[in-house]
Every structure is written in C-alpha cells, then in structure tokens.
Amino acid sequence: MQTARRIALGLLAAAAVASAADPASDVTQLSKDTFEEFVKTNDLVLAEFFAPWCGHCKALAPEYEEAATQLKDKNIKLAKVDCTEETELCQSYGVEGYPTLKVFRGPENITPYAGQRKSAAFSITSYMVKQSLPAVSLLTTDTLEDFKGTDKVVVVAYIDASDKSSNETFTKVAESLRDSVPFGASNDAALAEAEGVKAPAIVLYKQFDEGKTTFTEKFADDAIKEFVKVASTPLIGEVGPDTYSGYMSAGIPLAYIFSETADERKELGETLKPLAEKYKGKINFATIDAKSFGAHAGNLNLPTDKFPSFAIQETVKNQKFPFDSEKGLTLEAITSFVEDFAAGKVEPSVKSEPIPETQEGAVTVVVGKSYEDIVLDDSKDVLIEFYAPWCGHCKALAPKYDTLASLYADSEFKDKVVIAKVDATANDVPDEIQGFPTIKLYPAGAKSEPVNYSGSRTVEDLIKFVKENGKYKAEVSEKSEDETPVAPAASESEAAKASDEHDEL
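Residues numbered from 1 in each chain as written. Predicted model: local features only at pLDDT ≥ 70, side-chain atom pairs only at ≥ 80, totals over all residues. Heavy atoms only, no water.

The name that an unreviewed UniProt entry assigns to the protein is Protein disulfide-isomerase, with the source organism given as Diatrype stigma. Under the heading Sequence similarities (unreviewed entry), UniProt records this for the protein: "Belongs to the protein disulfide isomerase family." Under the heading Subcellular location (unreviewed entry), UniProt records this for the protein: "Endoplasmic reticulum lumen". (UniProt positions renumbered as here; feature names shortened; annotations may be inferred.)

In structure tokens:
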C-alpha cells in the first residue's frame with residue numbers, strides 16, 4: 001500500500017476569505033494571498049486542489065463538505081483551492097490532476113492524502129482523525145473505551161514500561177501503519193488484566209466479527225504487521241468503493257460473492273463462513289452488491305446478468321477464476337472449487353481475442369493469449385500501447401504509432417525492439433490500466449520492471465524513451481516531419497462517457 005495523507009484549513013485566513021466562500025460551508029476556500037497563513041495557523045489541514053468543470057471534483061464536493069462539518073469540533077480543517085483561478089498556487093504544489101488532496105502540517109510538512117475518495121465523508125473523517133493522533137496514543141483506564149471507538153479497528157499494546165524492546169518494536173510498527181489503523185498502548189498491568197491479557201500482548205479491537213483478536217507471540221515487526229492485516233479484515237467483508245483498494249493491496253486472493261439483495265448476500269455469507277474461516281489470511285472472502293456493481297462481474301469473466309455468482313481473483317497477478325454458477329452456490333460446490341484453486345488445479349480464465357494468424361502491420365497486435373509470449377519475451381525490448389477502440393486519444397496516436405513501428409521494423413533493431421498494442425477492453429492483461437492510451441516499455445532482461453511512459457506522444461519523444469529505457473539503447477532516425485503532441489490519456493470520467501454507465505469500484 002502506498003503511504004500518504006491529505007488535510008487543509010486555517011483561522012486567520014478564514015476571515016480573509018469569508019467574503020469569497022459560502023458562509024454556510026465549513027470548507028474554507030483559499031487563494032495565493034491566504035493559503036500560506038492558513039496552513040501556518042492551523043496544525044492540521046486537508047486541502048483540495050480542484051477545477052469547477054471536473055466531474056470527480058463535483059462528485060467529491062458534498063462528501064468533502066460533510067467531512068469538514070464532522071471534523072470541525074476536532075479542530076481539523078478542510079480547505080479548497082480553485083486551480084482555474086489560482087494557477088500559480090496549484091503549480092507550486094505540483095498539482096497535475098483533479099482533484100488533488102494534500103495534508104499540511106504547516107507550510108513545509110506536506111504529504112499526499114492516502115485515504116479513499118468514494119464514500120468519502122466517512123473515509124476522510126476517519127483518515128484525518130488518524131492523522132491528528134500520535135503514532136501511539138498512551139492510554140489509561142479512563143481513555144481506553146473512548147479510544148476503542150476512534151475507528152472500526154484499533155490496536156492496543158499492553159507492555160511493561162521496563163520492556164524496552166517490545167515498546168520500540170510496537171512503536172516502529174505503529175509509525176509504518178498509522179495511515180491505516182490507530183495505535184494505542186498502556187503500561188498498566190491492572191488494565192491489561194481487566195482486558196483479559198498479560199503483558200506483553202496486543203489486542204486488536206474491531207466493530208465486527210468476534211469484536212477483538214489477541215496477539216501473544218514474540219514482538220517482531222513482520223509478525224505484528226501480519227497479525228494486524230489478517231485480524232483487521234472481516235471474515236466475510238463487503239467489496240465497495242471504500243474497501244476495494246484495500247482488498248487489491250492485501251497481497252492475497254479475493255473471493256467475490258455477487259448477489260443483488262442484502263438478504264441473499266447475508267445468507268450466502270453465512271453459508272460460506274466455514275470456508276472463510278479455513279482460509280483466513282490466505283484468501284479474503286467478501287460479498288458485493290450486484291445491483292450497484294454487477295458490471296464488475298465482467299472484469300472477472302463472469303456473466304453480468306446472472307446472479308448470484310462467485311469468482312476468485314488472484315490480485316497480485318490479476319488472474320481471474322470464475323466459478324460455474326450452473327453448479328449452484330452451495331457450501332459443498334464452492335468448497336471443492338476453492339480447494340482446487342488453492343492446490344493450483346484451476347486454470348485462470350483468460351479473456352482474449354483470437355491470436356492473429358499473421359501480423360499485417362508494423363505494429364504487433366497482442367491479445368490475451370499471446371501477451372506472455374510477445375510482451376514478456378525476455379530477449380526483446382517491447383513498447384506496448386494499451387488502448388480502447390472508442391478512445392479518441394488512441395485514434396489520434398495511431399498514425400504516429402504506426403510510423404514509430406515502421407522505423408524500428410526497417411532498422412538494425414528489427415529483431416530486438418517490438419512496437420506492440422493491445423485492446424485492453426477485449427483482452428485480459430496483467431497490468432492495472434487507469435486510462436487510455438497507456439504506454440509501457442518492458443525492457444529485455446527486466447520484464448518485472450516495466451517503465452511507464454508519460455511524455456508527449458510524438459514519434460521523436462517515443463524514440464528517445466525507448467533508447468533511454470530499453471536494454472539495447474535502440475535509436476532510429478525519424479523522417480523530417482512536424483510532430484504535434486496529442487492530448488494526455490483519457491481520464492476515468494471520459495472513459496465512463498464512452499462506455500455503459502455503471503457505478504465503479
């Protein structure tokens with residue numbers, strides 16, 4: 001998981017901008033004249049850099065307002081900056097897209113916001129409360145219960161004051177995981193006894209499942225981190241906007257239980273509970289609302305119009321293992337499928353166009369079933385474009401990309417450099433694609449470390465990119481033509497307009 005944060009507001013600056021901001025709003029709108037003073041005079045500020053035309057910003061606005069109101073009494077400030085009005089200010093903070101959220105602890109201590117944006121009011125509030133706390137809060141009998149209610153999951157260590165090693169280890173872990181979970185500690189042996197443990201021990205309190213889980217092993221960084229990761233994940237969770245990224249970054253497979261009704265999801269969850277208990281820490285199990293997010297079934301190679309259904313996603317390799325729903329979602333049938341998956345007996349489902357019988361153009365066409373053979377060929381530098389047929393930016397790039405491929409095909413590097421493309425809407429690819437077109441270089445001998453391309457999409461700049469990042473430092477000569485950069489990759493909102501409308505995870 002990436003570590004990061006977002007925060008913003010102030011006091012003196014608030015008075016200065018009152019006339020420009022909505023007096024009923026708890027979000028303070030700032031300008032270049034008020035921004036620095038505002039972050040100086042407020043200990044913790046989450047600032048949103050936005051553009052009025054940005055669809056994601058509009059969607060975030062009511063959630064951001066609600067979070068600002070919830071955090072007001074905690075003296076955690078939320079602010080916003082209109083980057084169409086304050087271009088220079090936004091550029092000075094490295095704003096490249098909207099919305100961008102950053103956490104300020106004064107003008108110099110700035111970190112990116114690493115919380116969720118969808119279902120944002122709770123997520124922002126939870127994240128900012130964690131940021132306001134010390135890495136480890138010292139707890140007493142009087143403060144423990146309040147601390148337990150700080151978030152859905154909190155971690156408390158009970159350690160003797162003289163146990164320097166355990167204290168240092170726990171503090172180190174707390175520093176590394178503070179964005180995810182609030183950490184507390186107590187040296188009170190009587191309090192530990194009242195909580196049913198004996199020092200040294202760690203108790204993870206949670207507002208679901210059994211309510212708490214205890215760690216009594218030897219204090220070691222990796223062991224504590226693994227304990228927190230496993231114990232803080234619900235036995236049967238729910239996939240949604242505020243949990244999806246957590247499941248994707250967990251590092252273990254995710255088993256989806258699709259259903260259109262809450263009652264059926266609850267019933268299926270109870271049915272599969274013994275299986276989830278058996279594989280806890282090895283496979284995460286979660287329900288998903290098929291009415292809101294049924295389109296996601298298609299990403300797992302499941303039908304998008306037939307529920308309930310079940311599938312497993314190998315999140316690290318982005319492999320999909322759909323279950324044949326015709327067999328029925330019974331405990332017996334799903335258990336057999338999961339056990340075969342765990343034993344490596346289930347082949348991943350690969351969505352793929354037919355492998356071309358011949359490559360007719362200079363650009364090599366890649367499909368799902370040829371991806372590994374072409375892109376991961378360790379003897380060649382492979383530049384690949386992930387595109388969508390409906391993407392206007394991809395269409396604008398096409399003639400330039402054809403020219404680039406022709407230059408390499410007619411050069412001494414024709415057997416060392418491949419210029420390729422894949423329709424990422426019709427073929428499974430192991431890469432996480434956020435927009436179209438996305439261009440990556442897979443260097444020979446270093447296929448596990450692809451290099452993302454973010455420059456102007458001119459033939460000249462693409463040649464330079466291949467030369468600088470490929471194993472063979474291949475350079476070809478471009479014909480003397482004027483090259484004009486094309487627009488950046490299509491955003492998520494643009495993609496949504498061009499595809500069937502549905503809620504996204």
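A. Examining the overall build of the protein more closely. Broken down by element type, the protein carries 18 helices and 20 strands. Within the protein, the fraction of its 505 residues that count as buried is 47%. Accessible area for the protein stands at about 25,100 Å²; split by element, carbon and sulfur atoms hold 47% of it. (Helix = DSSP H or I, 4+ residues; strand = E, 2+ residues; numbered from the N terminus. Buried < 20%, exposed > 50% of the residue type's maximum accessible area, 1.4 Å probe, protein only. Areas by Shrake-Rupley, 256 points an atom, 1.4 Å probe, with all protein chains shown as cover.)

B. Representation of the side chain of Asn-284 within the structure. Mapping Asn-284 onto the fold places it in strand β13 (residues 284–289). Classification of Asn-284 by relative accessible area gives buried; the value is 8%. Among residues more than four places away in sequence, those in contact with Asn-284 are Thr-233, Tyr-247, Ala-250, Ile-252, Pro-253, Leu-254 and Ala-255. (Contact = heavy atoms within 4.5 Å.)

C. Quick look at empty space enclosed by the protein. Counted under the stated rule, the structure contains one cavity of 30 Å³ or more. Space inside the largest cavity adds up to approximately 40 Å³. Along the walls of the largest cavity sit Lys-130, Leu-133, Pro-134, Ala-135, Arg-178, Val-181, Pro-182 and Phe-183, which together make up its complete lining. A breakdown of the residues in the lining of the largest cavity according to their chemical character gives six nonpolar, no polar and two charged. (1 Å grid on protein atoms, 1.4 Å probe; cavity = no way out; pocket = protein on both sides within 12 Å on 5 of 7 lines; lining within 4 Å. Points joined across faces, edges and corners; volume = space filled by probe spheres on them. Nonpolar A, V, L, I, M, F, W, Y, C, P; charged D, E, K, R; others polar.)

D. Representation of the packing of aromatic side chains within the structure. According to the stated counting rule, one finds 19 aromatic pairs in the structure shown. With 5.3 Å between their ring centres and 85 degrees between their planes, Tyr-93 and Phe-104 make a pair best called edge-to-face. Highlighted residues: Tyr-93 in the loop between α4 (87–92) and β4 (100–104) and Phe-104 in strand β4, separated in sequence by 11 residues. We note that Tyr-93, like Phe-104, is buried. Pairing Phe-170 with Phe-183 gives two aromatic rings, centres 5.6 Å apart and planes at 65 degrees, and the pair type is edge-to-face. (Phe/Tyr/Trp six-rings, centres within 6.5 Å; stacked < 30°, edge-to-face > 60°.)

E. Geometry of the nonpolar core. Counting residues in each nonpolar core, the largest one holds 21 residues, and the members touching the most others are Leu-383, Tyr-401, Leu-404, Tyr-408, Val-417, Ile-419 and Ile-463. Only α16 (392–409), β18 (417–423), β19 (438–442) and α17 (459–469) provide two or more residues apiece to this core. It is α16 that contributes the most residues to this core, six residues altogether. (Core = buried A, V, L, I, M, F, W, Y, C linked by side-chain atoms within 4.5 Å.)

F. Summary view of helix α7 (residues 164–177). Over its 14 residues, α7 runs 20 Å from end to end, which matches the ideal 20 Å to within 8%, given 1.5 Å per residue. Those residues of α7 lying buried are Ser-166, Thr-169, Phe-170, Val-173 and Ala-174. Taken down its axis, α7 places every buried residue within 135 degrees of arc, on the same side. Residues Lys-164 and Lys-172 are exposed on α7 and point more than 90 degrees away from its buried face. Contacts made by the buried residues of α7 are with β7 (153–158), β8 (183–186), β9 (201–206) and α9 (221–231). (Expected span 1.5 Å × (residues − 1). Arc of directions from axis to C-beta.)

G. Here's a closer look at unusual backbone geometry. Cis geometry is found at the peptide bond from Phe-307 to Pro-308, where omega equals 5 degrees. For Pro-308, the position within the fold is in the loop between α13 (296–299) and β14 (309–314). Each neighbour pair has its own omega, and for Phe-436 with Pro-437 the value is -10 degrees, a cis peptide bond. Residue Asn-75 is not a glycine yet carries a positive backbone phi of 60 degrees. In this fold, Asn-75 is placed in the loop between α3 (55–72) and β3 (77–82). The partly exposed category is assigned to Asn-75, whose relative accessible area is 46%.

H. Inspection of the packing of α16 against α17 at higher detail. Taken N-terminus to C-terminus, the directions of α16 and α17 make an angle of 50 degrees; their axes are 10 Å apart at the nearest point. Compared by their axis directions, α16 and α17 come out oblique. Between α16 and α17 lies a crossing of right-handed hand. Each of Lys-400, Thr-403, Leu-404, Leu-407 and Tyr-408 in α16 lies in contact with α17, whose residues at this interface are Val-459, Leu-462, Ile-463 and Val-466. Residue composition of the contact of α16 with α17, grouped by class: seven nonpolar, one polar and one charged. (Axes fitted to C-alpha atoms, helices over the stretch in contact; angles between N-to-C directions. Parallel < 35°, antiparallel > 145°, perpendicular 65-115°, else oblique. Left-handed = near helix turned anticlockwise from the far one by under 90°.)

I. Representation of the pattern of salt bridges in the model. Within this structure, the stated rule accounts for 13 salt bridges. Among the salt bridges present, the one from Glu-195 reaches Lys-148, with a minimum N-O distance of 3.2 Å. Of this pair, Glu-195 sits in the loop between α8 (189–194) and β9 while Lys-148 sits in helix α6 (residues 144–148), and the two are 47 residues apart along the sequence. For the pair Glu-195 and Lys-148, a shared accessibility class is recorded, and that class is buried. The salt bridge partner of Lys-206 is Glu-210, with a shortest N-O separation of 3.3 Å. For Lys-206, a relative accessible area of 5% translates into the label buried. (Salt bridge = Lys/Arg side-chain N within 4 Å of Asp/Glu carboxyl O.)

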